[in-house]
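Topology and contacts: notes
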Amino acid sequence: MPAEVIEQLTDTIVIPILRQGTKRGEIDVTDSAYARIIKEQGLTDFSIDGKTIWKRILH
């Protein structure tokens, strides 16, 4: 990966979730749905409805 790209990366990336897969197919989700990934921790939390936040529990 070029050095210019690596310099732009941060320790935390928040990815917007645009659709959710279900048994009946894909459905659109709210504008506030997201997944947060933190360097050396992985997926730390996410929300599909923008209200309920699912957090990873570290042991």
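Each remark here, short or long, concerns the structure printed above.
Bear in mind the structure is a predicted one, so any value in this text is a computation, not a measurement. (Residues numbered from 1 in each chain as written. Predicted model: local features only at pLDDT ≥ 70, side-chain atom pairs only at ≥ 80, totals over all residues. Heavy atoms only, no water.)

**Focus on the side chain of T44**
- The residue T44 is located in strand β5 (residues 42–47) in this model.
- Taking the relative accessible area as the measure of exposure, T44 reaches 14% and is therefore buried. (Helix = DSSP H or I, 4+ residues; strand = E, 2+ residues; numbered from the N terminus. Buried < 20%, exposed > 50% of the residue type's maximum accessible area, 1.4 Å probe, protein only.)

**Structural notes on the packing of aromatic side chains**
- Taken as a whole, this structure holds one aromatic pair when the rule is applied.
- Look at F46 and W54: their rings are 6.4 Å apart centre to centre, the planes differ by 15°, and that puts the pair in the stacked class.
- F46 gets classed as partly exposed once you look at its relative accessible area, which sits at 29%.
- Residue W54 is classed as exposed on the basis of its relative accessible area, which comes to 52%. (Phe/Tyr/Trp six-rings, centres within 6.5 Å; stacked < 30°, edge-to-face > 60°.)

**Regarding the sheet that holds β5**
- The antiparallel open sheet is built from four strands, whose spatial order is β1-β4-β5-β6. Two strands bound the open sheet, and with one partner strand each, they are β1 (12–16) and β6 (54–55). (Pairing = 2+ DSSP bridges.)

**Examining the pattern of salt bridges**
- Taken as a whole, this structure holds two salt bridges when the rule is applied.
- With a shortest N-O distance of 3.5 Å, E26 and R19 are connected by a salt bridge.
- The class for R19 is exposed, based on a relative accessible area of 53%.
- Between R36 and D45 there is a salt bridge, with its nearest N and O atoms 3.0 Å apart.
- On the basis of relative accessibility, which here comes to 26%, the residue R36 falls in the partly exposed class. (Salt bridge = Lys/Arg side-chain N within 4 Å of Asp/Glu carboxyl O.)

**What to know about the environment of Q41**
- Within the element layout of this structure, Q41 appears in the loop between β4 (34–38) and β5.
- For the pair Q41 and T12, spaced 29 residues apart in sequence, the C-alpha separation works out to 9.8 Å.

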